[in-house]
Amino acid sequence: MVATGAAVRVRLAPSPTGTLHIGTARTAVFNWLFARHHGGQFLLRIEDTDKERSKPEYTANILEGLQWLGLSWDGEPVVQSERIAEHRAAIQQLLNSGRAYRCYATEAELTEMRERQAAENRAPRYDNRHRDLSPEQEQAFIAEGREATIRFRIDDNAVITWTDLVRGEMRWSGADLGGDMVIARRAPADQIGDPLYNLVVVVDDAAMAITHVIRGEDHIANTAKQLLLYEALGASAPVFAHTPLILNKEGKKLSKRDGVTSVSDFRNQGYTAEALANYMTLLGWSPPEGMGERFSLADAAGVFSFDRVNKAGARFDWDKLNWLNSQVLHERGPEQLLSDLLPLWSAQGWSTDTAAASWLQQLCALIGPSLVTLKDGIEQARPFFERPELNEAAQQQLANDGARPALSALLEHLPEGPLTAEAAQALLGEAVATAGVKKGVLMKTLRAALLGSLQGPDLLTTWLLLQPSGEARGRIERSL
């Protein structure tokens, strides 16, 4: 639902209290797709008002993760902690209008209230006990040395409605919102304490002229409260879209207990930005018929709408992510794949001299079609950088009749330096004739000698890659 001619402005508002979570990243993807589809703006706001837990390294991780995924934002990020004066001004406006008030209830009193409600099997809610204090009562509390939170008045009889882009018509009762809402932490009665989430989000979204708020369904109750704040502050409310949560295979919200949950974790596991962004788009959104499941963010932006976003939770499917990642890697040319794999190979201490770029690209072309993640490129390349031990199957093959004679015959005619594929095939033919064995025996034995295993990539290409350095000869001699 976008008004004709309206300039779409959406925002991602992560808290830098941890690394970029897959759920936040999926929210970022949906915001980015919606903004780009409508030619609008995708803005970024760092919600760092949790002073205890917010850390600069988490902010850096979030920004880096978004950039890696290809989710470019418009303009400079807004830093929420730099807007405290505006938040306090809004709270003062609510105090002046009578829509908010100071509550002097102590933590002990509030705890006693909650315990009584629990004993009576009632839902926890503030009982609005200080909503209508007289000036004399307030002065008495202040004389006791009590500090005050600031609460926003919520009418139990209020009915809050909105049209959600994912869930359709939504309706909440004020009585279900837990009583008058705290909008500022405890502070001396002549001050306004630290403003809290629901208040600052409304103030900042209004200041940033956000037209659509796209976020997870766990914010639905907050939306009802925030709509009351928009009305009380005289601000226009945005359109809301509440996307489904990401679930694990048991149907529960994806959490750290499920292992990899942050974007940097996925990156370290060898997943590509293209595949992860592609997969996150599919977590709750169905592409139009004929589009298929492998596409770019730009492709998705061209057709994205909330009509195709599901209400039900989206189950995380590792098999599908692995398939998408393999498709991305299989589309890579050797040069691009080498760029991806060089840091991983260098971290192993392997020599990746740029003078050997051609050889390294040939290696990438050899192993590329079998990669699922980039980390697979470590183990699959290992036999080309480190001489492998002979496993049990390889040892058994070398012990078979004709195996060593076949290798000896090959070694007898093996030249120094590089080989062409044609020359290698001719050498195989000569060795088979000399040793009097079937070609299959020689091929299987050569694989065992070169790779230390009966499994591996194309044998002829493997041989040609190991030949120039003399490593092929060394491994055959070792096997004899």
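Attention in this report is confined to the structure presented alongside it. (Residues numbered from 1 in each chain as written. Predicted model: local features only at pLDDT ≥ 70, side-chain atom pairs only at ≥ 80, totals over all residues. Heavy atoms only, no water.)

**Let's talk about the overall build of the chain**
Where we set the bar: Put simply, DSSP marks the helices as runs of H or I at least four residues long and the strands as runs of E at least two long, and each gets a number from the N terminus on. Using C-alpha atoms as the atom set, the radius of gyration is obtained and then compared with a globule rule of 2.2 Å times the number of residues to the power 0.38. Throughout, exposure labels follow a simple rule: accessible area from a 1.4 Å probe, protein chains only, divided by the maximum for the residue type, with under 20% read as buried, over 50% as exposed, and the rest as partly exposed.
Looking only at helices and strands, the chain has 20 helices and 12 strands in total. At 32 Å, the chain has a C-alpha radius of gyration far larger than the 23 Å of a compact globule built from 480 residues. If one aligns the C-alpha atoms of the chain with their principal axes, the spans along those axes are about 110 × 50 × 45 Å. For the chain, buried positions account for 48% of its 480 residues.

**Here's the deal with the sheet that holds strand β3 (residues 78–79)**
To keep things clear, this is the line we draw: Between any two strands, at least two bridges found by DSSP are needed for them to pair.
Reading across the sheet, the three strands line up as β1-β2-β3 and stay open at both edges, with parallel pairing between neighbours. Among the strands making up the open sheet, the edge pair consists of β1 (9–12) and β3. Alignment of β1 against strand β2 (residues 41–46), held across four bridges, turns out to be parallel. Of the residues in β2, the one forming a bridge with Arg9 is Gln41.

**Quick notes on the pairing of strand β9 (residues 212–216)**
Let me state the cut-off plainly: For the handedness criterion, the strands are oriented away from the viewer, and a crossover whose path from the first strand over the helix to the second runs clockwise is classed as right-handed.
β9 sits mainly inside the fold: five of its five residues count as buried. Alignment of β9 against strand β10 (residues 239–243), held across five bridges, turns out to be parallel. Residue His212 lies in a different strand from β10, and its bridge partner there is Val239. After leaving β9, the chain enters helix α7 (residues 220–233) and then returns to the sheet as β10, a path that is right-handed.

**What to know about the pattern of salt bridges**
Selection rule: Between Lys or Arg on one side and Asp or Glu on the other, a salt bridge is scored when a side-chain nitrogen of the former is within 4 Å of a carboxyl oxygen of the latter.
Applying the stated criterion to the full structure yields 32 salt bridges. Residues Glu471 and Arg387 are paired through a salt bridge, measuring 2.8 Å at the closest nitrogen-oxygen approach. Of this pair, Glu471 sits in helix α20 (residues 471–479) while Arg387 sits in the loop between α14 (376–385) and α15 (392–399), and the two are 84 residues apart along the sequence. The class for Arg387 is partly exposed, based on a relative accessible area of 39%. What emerges from the salt-bridge pattern is a single network uniting Arg11, Arg45, Glu47, Arg83, Asp204 and Asp205.

**Details of the packing of helix α17 (residues 421–435) against helix α19 (residues 459–466)**
So the rule is basically this: Lines fitted to C-alpha atoms define the axes here, with helix axes fitted over just the stretch in contact, and angles between the N-to-C directions of these axes take values from 0 to 180 degrees. By the definition adopted for this analysis, an angle is roughly parallel if under 35 degrees, roughly antiparallel if over 145, roughly perpendicular if from 65 to 115, and oblique otherwise. Residues are treated as being in contact if the distance between any of their heavy atoms lies within 4.5 Å. In this classification, the charged set is Asp, Glu, Lys and Arg, the nonpolar set is Ala, Val, Leu, Ile, Met, Phe, Trp, Tyr, Cys and Pro, and all remaining amino acids, among them Gly, are polar.
For the pair α17 and α19, interaxial distance at closest approach is 10 Å and the crossing angle is 110°. In this view, α17 runs roughly perpendicular relative to α19, as classed from their interaxial angle. Residue-level inspection shows Ala421, Ala424, Gln425, Leu427 and Leu428 of α17 in contact with α19, the latter providing Leu460, Trp463 and Leu464. Class assignment for the residues of the contact of α17 with α19 results in seven nonpolar, one polar and no charged.

**Concerning the pairing of strand β4 (residues 100–103)**
Neither face of β4 is left uncovered, since the one carrying Ala100 and Arg102 and the one carrying Tyr101 and Cys103 both have all their residues buried. Across four bridges, β4 lies against strand β5 (residues 148–152) in antiparallel orientation. Within β5, the position partnered with Ala100 by the bridge is Phe152.

**Some details on helix α11 (residues 318–331)**
Cut-off, in case you're wondering: Take the number of residues in a helix, subtract one, and multiply by 1.5 Å to get its expected span. In the analysis that follows, any N or O atom pair within 3.5 Å is treated as a polar contact, provided that within protein one partner can donate a hydrogen and the other can accept it, and provided that, for residues neighboring in sequence, both atoms belong to side chains.
Helix length check: α11, at 14 residues, gives a terminal C-alpha distance of 20 Å against a target of 20 Å (1.5 Å per residue), a fit within 8%. Three or more residues of α11 are buried, namely Leu321, Leu324, Asn325, Ser326, Val328 and Leu329. Measuring from the backbone nitrogen of Asp319 back to the side-chain oxygen at the start of α11 gives 2.9 Å, which picks out Asp317 as the cap.

**Some points on the packing of helix α3 (residues 84–96) against helix α6 (residues 197–207)**
Running from N to C, α3 and α6 cross one another at 105°; their axes reach a closest spacing of 10 Å. On the basis of the axis angle, α3 is roughly perpendicular to α6. In this structure, α3 uses Glu86, His87, Ala90, Ile91 and Leu94 to contact α6, whose residues at the interface are Leu199, Val200, Val203 and Asp204. Taken together, the residues of the contact of α3 with α6 sort by class into six nonpolar, one polar and two charged.

**Structural notes on unusual backbone geometry**
Here Asn121, not a glycine, exhibits a phi torsion of approximately 55°, which is positive. In this fold, Asn121 is placed in the loop between α4 (107–119) and α5 (135–143). Its identity as a non-glycine residue notwithstanding, Asn128 has a phi of 60°, on the positive side. In this structure, Asn128 sits in the loop between α4 and α5. Here Asn128 falls in the buried class, since its relative accessible area comes to 16%.

**Brief notes about the sheet that holds strand β8 (residues 181–187)**
One key point about sheets: their strands pair by backbone hydrogen bonds, in either a parallel or an antiparallel sense. Read across the sheet, three strands follow the order β4-β5-β8 without closing on themselves; strand pairing throughout is antiparallel. Each edge of the sheet is formed by a strand with only one pairing partner; in this case those strands are β4 and β8. Each neighbouring strand pair of the sheet contributes to a mean axis angle of 20°, computed without reference to strand direction.

**Quick look at the packing of aromatic side chains**
Let me state the cut-off plainly: Whether two aromatic rings pair depends on their centres lying within 6.5 Å, for rings of Phe, Tyr and Trp, where Trp uses its six-membered ring; planes under 30 degrees apart make the pair stacked, over 60 edge-to-face, and the rest tilted.
What the rule picks out here adds up to 15 aromatic pairs. Taking the centre distance of 5.5 Å and the plane angle of 50° together, the rings of Phe30 and Phe304 count as tilted. Linking Phe30 in helix α1 (residues 22–37) with Phe304 in the loop between α10 (297–303) and β12 (314–315), this pair joins segments that are 274 residues apart in sequence. The exposure class of Phe304 is buried, given its relative accessible area of 1%. Consider the rings of Phe266 and Phe316, whose centres lie 5.8 Å apart with planes at 40°: the pair is tilted. Here the residue Phe266 occupies a position in helix α8 (residues 263–268), and Phe316 occupies one in the loop between β12 and α11, the gap between them amounting to 50 residues. A single burial state applies to Phe266 and to Phe316, both of which are buried. Each member of the aromatic cluster is reached from another via a ring pair, and the members are Phe30, Phe34, Trp285, Phe295, Phe304 and Phe306.

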